[in-house]
Amino acid sequence: FSEAVFADNGDATSPGNTIARAANRAEYSPIHERSKQVPPAATTCSNCTISASGELSKCYCSKTFTARIDLSNHGIRSVLNGAFSEVKDSTSLREIDLSNNMVEFIEPGAFARLHSLQTIRLNDNPVAEPAIGLHKHRRVTTGYPGLPLTLFDSIEPTAQLFFQECCWYAASAVSGFLKNYQYVLWH
């Protein structure tokens, strides 16, 4: 594997760097270099159905131009298939913020039809942490069990996926990691 791309804490063994190492220097950006950030004045939607058990099943955004869906800090545990299929104008949706929840699993097809999506924030969720095991007395990540292999296939390959607040990885790099690597050795 190639050399790890270091987050701002300089720790090559942090979970977010697993993807960077596996993706052979995947795109990385510190927080101050984000280029596709949605402007604060953009229309935001948060009219979504979340069950008592934390399942996000549907977001109903009837506005013509919805640039951002902010679901941070909502106690979400899982995102169901088609959760964003009721967004009226999916071509204007640029960002989905699922940060600071308890998301453990995202079903395949959760982000289907969202071809214009530029940013998905998954930081501060269990789904953004790799499963850890031991292999020949070394710590290894055995993958991201809450992320299906094809989850990011329908979105823009250059979309920014935040697994940590500090940095993002290109959707194509994460998708490649999920499909091509069963585990990555850590030091």
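Look up: the structure comes first, before these words.
Values in this document were obtained by computation on a predicted structure and should not be read as measured data.

Chemist: Could you give an account of the nonpolar core, with specific residues and numbers?
Modeler: Formed by 40 residues in total, the largest nonpolar core has its most connected members in L56, I69, F84, F111 and F152. The set of elements that each furnish at least two residues to this core consists of β4 (55–59), β12 (160–164), β13 (167–170) and α2 (171–180). Counting residues per element, this core draws most heavily on α2, at four residues. Those residues in contact with F152 that sit more than four places away from it in its chain are F111, I120, L122, L147, L161, A171, V174 and L178.

Chemist: Talk me through the sheet that holds strand β3 (residues 48–50); I want residue IDs and the actual numbers.
Modeler: Pairing is mixed across the open sheet formed by four strands, whose spatial order is β3-β4-β6-β8. The outermost strands of the open sheet, each flanked by one partner alone, are β3 and β8 (105–106). Across two bridges, the pairing between strand β6 (residues 78–79) and β8 is parallel. Paired with V79 across the bridge in β8 is I106.

Parameters and conventions
- Residues numbered from 1 in each chain as written.
- Predicted model: local features only at pLDDT ≥ 70, side-chain atom pairs only at ≥ 80, totals over all residues.
- Heavy atoms only, no water.
- Core = buried A, V, L, I, M, F, W, Y, C linked by side-chain atoms within 4.5 Å.
- Buried < 20%, exposed > 50% of the residue type's maximum accessible area, 1.4 Å probe, protein only.
- Helix = DSSP H or I, 4+ residues; strand = E, 2+ residues; numbered from the N terminus.
- Contact = heavy atoms within 4.5 Å.
- Pairing = 2+ DSSP bridges.

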